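Notes for the structure review
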Amino acid sequence: MSAATGFERQMSAVGAVAGATAGEMQQLQSLALQLGKDTSFSAMEAAKGLEELTKAGVGIGDIMGGAGKAALDLAAAGAVSVGDAAEIAANAMNVFGLKGSDMAHVADQI
């Protein structure tokens, strides 16, 4: 399986879990690709992080608003897997009632 095919499958999983519209899927795919460029993680790893965030109940708006990037930043800073970092970020958002835009600060503090 090629990297592109794997990425497409992963994004399909994100869309299925998130219940995303076609427009939201375009946004999420663009975010995963951008995070793959801007971080030490691949676009595939970023997509896995997005899936974990959505599984934990983080909304698409919050993911686009900063939670997606913050989860990857947390993974890099904490030397933990993207999935674990996404779970930590989602738990912090849910417990403390945070928005996606708050997550950069939370990741910095952790």
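This text gives an overview of the structure that appears in the document. Counting restarts for each chain: residues are numbered from 1 in the order of the written sequence. Local features in this predicted model are restricted to residues of pLDDT 70 or higher, and side-chain atom pairs are both shown and tallied only at a pLDDT of 80 or more, whereas totals for entire chains, interfaces and linings draw on every residue. Side-chain metrics in this entry use all non-hydrogen atoms of the structure; hydrogen atoms and water are not considered.

For the rest of this paragraph, the subject is the environment of S30. Strands are runs of DSSP state E lasting at least two residues, helices are runs of H or I lasting at least four, and both sets are numbered from the N terminus onward. Note on placement: S30 falls in helix α2 (residues 22-38). C-alpha separation for the pair S30 and A43, spaced 13 residues apart in sequence, amounts to 9.5 Å.

Helical geometry: 3.6 residues make up each α-helical turn, so side chains three or four residues apart lie on a common side. Expected helix span is given by 1.5 Å per residue-to-residue step, counting one fewer step than there are residues. Its 17 residues give α2 an end-to-end C-alpha distance of 24 Å, which sits within 8% of 24 Å, the value for a rise of 1.5 Å per residue. Here's how the labels work: a residue is buried when its accessible area is under 20% of the maximum for its type, exposed when over 50%, partly exposed in between, all with a 1.4 Å probe on protein chains only. Buried within α2 are the following residues: M25, L28, L31, A32 and L35. The buried side chains of α2 occupy one side of the element, clustering within an arc of 125° when seen end-on. Turned more than 90 degrees off the buried face of α2, the exposed positions are A22, Q26 and K37. Contacts from the buried residues of α2 go to α1 (3-18), α3 (43-55) and α4 (60-78). Here the arc refers to the directions that run from the helix axis out to each C-beta atom. Two residues qualify as a contact provided that any one of their heavy atoms is within 4.5 Å of a heavy atom in the partner residue.

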